[in-house]
Amino acid sequence: MQKQETKLPIGVFDSGIGGISVLAELIKTLPYEEFVYYADALHAPYGNKPEDVVRSLSVNVAEFLALIGIKSLVVACNTATSVAINEIRKKYHFPVIGMEPALKPAVELGLTGKILVMATPLTLKSKKFTELAYHYRHRAEIVPVPCDGLVEIIERNHSWGQKVKEYLSHLFSPINKVGISAIVLGCTHYVLIKQEILHAIGDNITIIDGNCGTARHLRSVLQNKCLLNSAIAEKPHIPLKAQVRFYVSGAEREKRTTQCKQLLQHEGILCE
Ligand code: DGL
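Residues numbered from 1 in each chain as written. Predicted model: local features only at pLDDT ≥ 70, side-chain atom pairs only at ≥ 80, totals over all residues. Heavy atoms only, no water.

1. Some words on the overall build of the protein
Broken down by element type, the protein carries twelve helices and ten strands. The principal-axis extent of the C-alpha atoms belonging to the protein is close to 60 × 40 × 40 Å. Taking all 272 residues of the protein together, the buried fraction comes to 54%. Long-range pairs, those at least 24 residues apart, make up 77% of the contacts in the protein with a sequence separation of at least 6. (Helix = DSSP H or I, 4+ residues; strand = E, 2+ residues; numbered from the N terminus. Buried < 20%, exposed > 50% of the residue type's maximum accessible area, 1.4 Å probe, protein only. Contact = heavy atoms within 4.5 Å.)

Right, here's the structure in full:
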């Protein structure tokens, strides 16, 4: 008989819709699991707020999800992870998975040239990122690229057209594109505009995010702790039908929930 706990959902949170890019990978990797997604839209963006404010917002969301009852938590936000993951881990007995800019896989590609790390100002100035960049300093030239204001554009504009294009062209114009080998997307929102970034920087540059790695890591943690939901045995159908409950803070909850579902649908995932 499987443990009662295995049937609990997995909690996932972000300041907004960025974490949906992570949730899509989680659903593809763990199609038999149920999920609860929390978008803290009322307080988005996190990335330009003081560290202690983001820490307390993140701890509050984790508390909300823990009270609902979850078997694991994915902090699908690099910014929240960079300042709050230790605090959250201390409070709960369930596994807490965080996200950090995928510098390790980028360095391990062994490409020659600079690695740009696009992330929020708070992520890039955090102690966690400073230590990560210090660790890899001899293996690559790491160039932090703070993207203040980009999350707001992605949150506000459903079809990321002209505004994103203008932002990116302005962002990349002072950067010498020669000698860039890879770009790390150190914010889950930026994964949603990967195509636009490729277009702005050039198709020959490798773009890396941590979403697949996070999903694989969660699967192995749940497996090791015997927490996988093995109740359903049939093969998942395509399109994937996912069990996700959405919670959105602030105004326009329905509109934002619909937007989350549409983003998942774009990835071939239907929500029941
Ligand atoms: N998706 C969040 C991240 O990964 C965005 C942070 C924000 O709200 O500024 O960093």
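Okay, back to it.
2. Side note on the pattern of salt bridges
Enumeration over the complete set of coordinates arrives at eleven salt bridges. For the salt bridge of Lys91 with Glu63, the shortest nitrogen-to-oxygen distance reads 3.7 Å. With a gap of 28 residues between them, Lys91 in helix H3 (residues 78-91) and Glu63 in helix H2 (residues 51-68) connect regions that are remote in the sequence. Since its relative accessible area comes to 45%, Lys91 is described here as partly exposed. Salt bridges sharing common partners tie together Glu25, Lys28 and Glu267. (Salt bridge = Lys/Arg side-chain N within 4 Å of Asp/Glu carboxyl O.)

3. Some remarks on the UniProt feature "active site" (unreviewed entry) in the protein
Look at the UniProt record and you will see "active site" (unreviewed entry) annotated at Cys77 and Cys187. A compact arrangement is adopted by the annotated residues: their sequence extent is 111 residues, whereas the largest C-alpha distance between any two is 6.6 Å. In this structure, Cys77 sits in the loop between strand E3 (72-75) and H3. Judged by relative accessible area, Cys77 falls into the buried class, the value being 4%. Setting aside chain neighbours within four positions, we find Cys77 in contact with Phe13, Asp14, Tyr46, Met99 and Thr188. Along the polypeptide, Cys187 turns up in the loop between strand E7 (180-185) and helix H9 (188-191). (UniProt positions renumbered as here; feature names shortened; annotations may be inferred.)

4. As for the nonpolar core
In this structure, Met118, Ile183, Tyr190 and Ile197 are the most contacted members of the largest nonpolar core, which totals 59 residues. Considering each element in turn, this core owes the most residues, six residues, to helix H1 (residues 19-29). Contacts of Ile183, omitting those with residues within four sequence positions, involve Leu116, Met118, Phe172, Ile197, Ile201, Ile205, Thr206, Ile207 and Ile208. Core analysis: the second largest hydrophobic core is formed by 23 residues, Val36, Leu57, Ile70 and Val75 among them. (Core = buried A, V, L, I, M, F, W, Y, C linked by side-chain atoms within 4.5 Å.)

5. Thoughts on the UniProt feature "binding site: substrate" (unreviewed entry) in the protein
In the numbering adopted here, UniProt assigns the feature "binding site: substrate" (unreviewed entry) to Asp14, Ser15, Tyr46, Gly47, Asn78, Thr79, Thr188 and His189. The greatest C-alpha distance among the annotated residues, which extend across 176 residues, is 12.1 Å, indicating that they converge on a single site. One can find Tyr46 in the loop between strand E2 (34-39) and H2. For Tyr46, the residues in contact, after removing those within four places along its chain, are Phe13, Ser15, Asp40, Val54, Leu57, Ser58, Val61, Cys77, Thr79, Ala80 and Leu122.

6. Describing the pairing of E2
A regular strand places its side chains on the two faces of the sheet in alternate fashion. Burial within E2 is extensive, with five of its six residues counted as buried. Bridge analysis of strand E1 (residues 10-14) against E2 gives five bridges, and the strand direction is parallel. Across the sheet, residue Phe13 finds its bridge partner in E2, namely Tyr38. For the crossover from E1 across H1 to E2, the handedness is right-handed. (Pairing = 2+ DSSP bridges. Right-handed = clockwise from strand over helix to strand, strands pointing away.)

7. Some words on the packing of helix H8 (residues 162-172) against helix H10 (residues 194-201)
With their axes 10 Å apart at the nearest point, H8 and H10 run at an angle of 45° to one another. In terms of their interaxial angle, H8 and H10 are classed as oblique. Note that H8 runs across H10; the crossing there is right-handed. Residue-level contacts link Val164, Leu168 and Phe172 of H8 to Glu196, Ile197, Ala200 and Ile201 of H10. Looking at the contact of H8 with H10, its residues break down into six nonpolar, no polar and one charged. (Axes fitted to C-alpha atoms, helices over the stretch in contact; angles between N-to-C directions. Parallel < 35°, antiparallel > 145°, perpendicular 65-115°, else oblique. Left-handed = near helix turned anticlockwise from the far one by under 90°. Nonpolar A, V, L, I, M, F, W, Y, C, P; charged D, E, K, R; others polar.)

8. Some points on the site of the ligand
Taken together, 13 residues lie around the ligand, and Ser15, Tyr46, Gly47, Thr79 and Thr188 are the ones closest in. Thr188 is positioned such that a nitrogen or oxygen atom in its side chain is 2.7 Å from a nitrogen atom of the ligand. For the shell around the ligand, the per-class residue count stands at five nonpolar, seven polar and one charged. (Near = heavy atom within 4 Å. Polar contact = N/O pair within 3.5 Å; in protein donor to acceptor, adjacent residues only side chain to side chain.)

9. Brief notes about unusual backbone geometry
The omega angle of the peptide bond from Ala44 to Pro45 is 0°, so this bond is cis rather than trans. As for its position among the elements, Pro45 is in the loop between E2 and H2. One non-glycine residue, Glu252, lies in the positive phi region at around 55°. Among the structural elements, Glu252 can be located in the loop between strand E9 (240-248) and helix H12 (253-266). Note on Glu252: relative accessible area 43%, which makes it partly exposed.

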